[in-house]
Amino acid sequence: MAVKDNFNKQIEDIGRQLKIISIITSIASILFIVLLLNPNGFSFETIDTEQTITEVNEDLIENGIHVRTGFKDAEGLLTVVQNCTSCHSSKLVIQNRMNADRWNATIKWMQETQNLWDLGENQEVIVNYLVANYPPVEKGRRENIKDIEWYELNNR
Amino acid sequence: MNRRNFIKTSSLTSFATLIGAEVVFGSNLPEGYNLIALQEGDPFSLFRKNKDMVVLNEKPWNIEAQAHLLDDKITPNSNMFIRNNGLIPQNIDIKNWTLTIDGESVEKSKTYSLQELKTKFKAHTYQLTLECGGNGRSEYDPPAKGNQWTIGAVHCAKWTGIRLKDVLEDVGIKSNAVYIGYHSADSHLSGDPSKEPISRGVPMSKALQEETLIAFEMNGKEIPLAHGYPLRLACGGWPASTSGKWINRISIRDKEHDGTKMTGTAYRVPKNPVAPGDVVKDEDMGIIESMPVKSLITYPRSGAVLKEGQKLSIRGHAWAGELSVKQLEVSIDFGATWNVCTLEKPLNRLAWQHFSATVSFPKIGYYEVWARATDSKNVAQPMLVPGWNPKGYLNNACHRIAVKIV
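Residues numbered from 1 in each chain as written. Chains lettered and ligands numbered in written order. Predicted model: local features only at pLDDT ≥ 70, side-chain atom pairs only at ≥ 80, totals over all residues. Heavy atoms only, no water.

Trainee: Quick one: what's the story with empty space enclosed by the protein, residue by residue and with numbers?
Mentor: Throughout the structure, instances matching the rule amount to two cavities of 30 Å³ or more. By volume, the largest cavity is sized at about 240 Å³. If you go around the largest cavity, you meet 20 residues; those closest to its centre are Arg83, Arg232, Ala240, Ser241 and Lys245 of chain B. Residue assignment for the lining of the largest cavity shows that the elements contributing at least two residues are β3 (82-83) and β8 (179-184) of chain B. Of the residues assigned to the lining of the largest cavity, the class counts are eight nonpolar, eight polar and four charged. Here the second largest cavity is characterised by a volume of approximately 30 Å³. Every residue along the wall of the second largest cavity is listed here: Arg142 of chain A together with Gly136, Glu139, Thr150, Ile151, Lys294, Asn395, Ala397 and Cys398 of chain B. For the lining of the second largest cavity, a count of residues per class yields three nonpolar, three polar and three charged. Composition of the lining of the second largest cavity by domain shows at least three residues from each of domain 1 (94-263) and domain 2 (294-405) of chain B. (1 Å grid on protein atoms, 1.4 Å probe; cavity = no way out; pocket = protein on both sides within 12 Å on 5 of 7 lines; lining within 4 Å. Points joined across faces, edges and corners; volume = space filled by probe spheres on them. Helix = DSSP H or I, 4+ residues; strand = E, 2+ residues; numbered from the N terminus. Nonpolar A, V, L, I, M, F, W, Y, C, P; charged D, E, K, R; others polar. Domains from an automatic or database assignment.)

Below you can see the structure in the form of structure tokens.
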């Protein structure tokens, strides 16, 4: 009886081990296939961790400014951040001043030449945000010298 | 991965040469430590730039000088503007870097290693003025799209390299050659490997000029990475975008080159003058060639306060694209009267020229010192912002500094 029990136990052990081995093998082969199909597959993990690390402060607003990008906090902010800062810096957006027609033309140009995706309903949200928060300023043919930092100049 | 291999295969010292910066405490870096270089981080230490340089854009990097930073006769790396269209190449392998000359108008395409280029052809050194076509864009009204350069997208460094014409002679160019177009190792912002960030060029007449170089040294050292290491074109006096960085291929075309930023409205201005804000059709736009006459007061910095009776010594540089500058004048009364300055000859053709003057002020008060250059064809800088154009190129309006006499 004891011998038989022992034998059964061994069979069960082997069965368990086989199960574990087969699970490990299948996980390994799935991972292998994933890697084969998408060599950068594992980089998603890195991106995920980066996102969780930065998530805390990612959309922090201070004094009406979205800290990470420098954009003004207003209606449409996050849509602009999500769609307009993955290829280029927010600085390129902020330093440009255009009306709705020219922003729409710029979006069309980015879609034709820069691989920008179809913005769908977001396009109106984005253009409204830009026109409202970063309107063109009239400069005329020549502006006054601005922001002069005065300093004493001694003859050398 | 590329980054890490790049670091591993090159010593930290040579890496420092590449980015033009010393990696501080480089020897203390743990092995396998991944330097997040070139696209993220502090551009001033990354590219060894003066802290007063102004960052217009981090992705791609676009950084400009201010007038007082351009005071040196030969611009040092620290004060040279950076204008990138794409991402700086990160996996440069010098040993295997090649330059291929191909295109419809070569007898047979040919590929050279860096070593071959440096040993087979005679090296020449020229000081060349390279100015971004969009320098001054920020002053246009209505505003033009793009990086809003003020006055600092110009430099005049010394470039050493081989003449493009010598290489083309060695390859053999057909008589139907019209244009050259460069191709580079930088990558598109979207990451799409099938797209080139920029691929511009010049007509054969410019390509065959003695001063048109395939450069491998800047100011006597290897070209800093941000400025095109290990090879770049240098086409002095033309929009700096024609001086391609990180070049690995030059195509000799039997038509106007049609690479990225050659067509449409890029680096083009209306063939006929237009009113501010006009919509201009692509076919009515023409490619910019030589840059217009321009000057900068580089000393003193704007904002100088002087005592009554104190004279002011000013200096700066003037340049005129393919032409030379024949006269430089300054005015302290908004152009009512002008005084001619001392103007030096250029070190070589296509280098900027230095000017200097001593200015006195009749009484206390607020003044502006304006400088106006005139080129060898008698064309002067306008005091107002010149003709509006949709992309905001070629603003060569007079530079001025504020002065107060107390």
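Trainee: Talk me through the packing of aromatic side chains; I want residue IDs and the actual numbers.
Mentor: For the coordinates displayed, the defined rule picks out eleven aromatic pairs over all chains. Geometrically, the ring pair formed by Phe47 of chain B and Trp61 of chain B is edge-to-face, given 5.5 Å between the ring centres and 80° between the ring planes. Residue Phe47 of chain B is located in the loop between α3 (43-46) and β1 (54-58), and its partner Trp61 of chain B is located in strand β2 (residues 61-64); the two are separated by 14 residues in the primary sequence. Per residue, the accessibility class of Phe47 of chain B equals that of Trp61 of chain B, and both read buried. Note on Phe81 of chain B and Trp149 of chain B: the rings are 6.0 Å apart at their centroids and 80° apart in plane angle, and the pair reads as edge-to-face. Of the two residues, Phe81 of chain B sits in the loop between β2 and β3 while Trp149 of chain B sits in the loop between β6 (123-131) and β7 (154-163), which places them 68 residues apart along the sequence. For the cation-ring pair, Arg301 of chain B lies above Tyr151 of chain A, with the distance from its terminal atom to the ring centre recorded as 4.4 Å. (Phe/Tyr/Trp six-rings, centres within 6.5 Å; stacked < 30°, edge-to-face > 60°. Buried < 20%, exposed > 50% of the residue type's maximum accessible area, 1.4 Å probe, protein only. Lys NZ or Arg CZ within 6 Å of the ring centre and 35° of its normal.)

Trainee: Could you give an account of the sheet that holds strand β5 (residues 110-113) of chain B, naming the residues involved and the relevant values?
Mentor: All names here are of chain B. Strand order in the open sheet formed by five strands is β5-β4-β13-β8-β9, and the pairing between neighbours is mixed. Since the sheet does not close on itself, it has two edges, and those belong to β5 and β9 (201-203), each with one partner. When strand polarity is set aside, the average angle formed by the axes of neighbouring strands in this sheet is 15°. (Pairing = 2+ DSSP bridges. Axes fitted to C-alpha atoms, helices over the stretch in contact; angles between N-to-C directions.)

Trainee: Describe unusual backbone geometry, and please don't skip the residues or the numbers.
Mentor: Trans is the common state for peptide bonds, and a negative phi is the common state for residues other than glycine. The residue after Tyr229 of chain B, namely Pro230 of chain B, is reached through a cis peptide bond having omega 5°. Here Pro230 of chain B shows up in the loop between β11 (221-222) and β12 (232-234). With an omega of -5°, the peptide bond running from Tyr299 of chain B to Pro300 of chain B counts as cis. Within the element layout of this structure, Pro300 of chain B appears in the loop between β16 (294-299) and β17 (304-306). A positive phi angle, close to 50°, is found at Asn63 of chain A, a residue other than glycine. Looking at the secondary structure, you find Asn63 of chain A in the loop between β1 (61-62) and β2 (65-66). Asn63 of chain A sits in the exposed class, given a relative accessible area of 81%. Positive phi, close to 70°, is recorded for Asn378 of chain B, a residue that is not glycine. Considering the arrangement of structural elements, one finds Asn378 of chain B in the loop between β23 (365-375) and β24 (399-405). With relative accessibility at 53%, the residue Asn378 of chain B sits in the exposed group.

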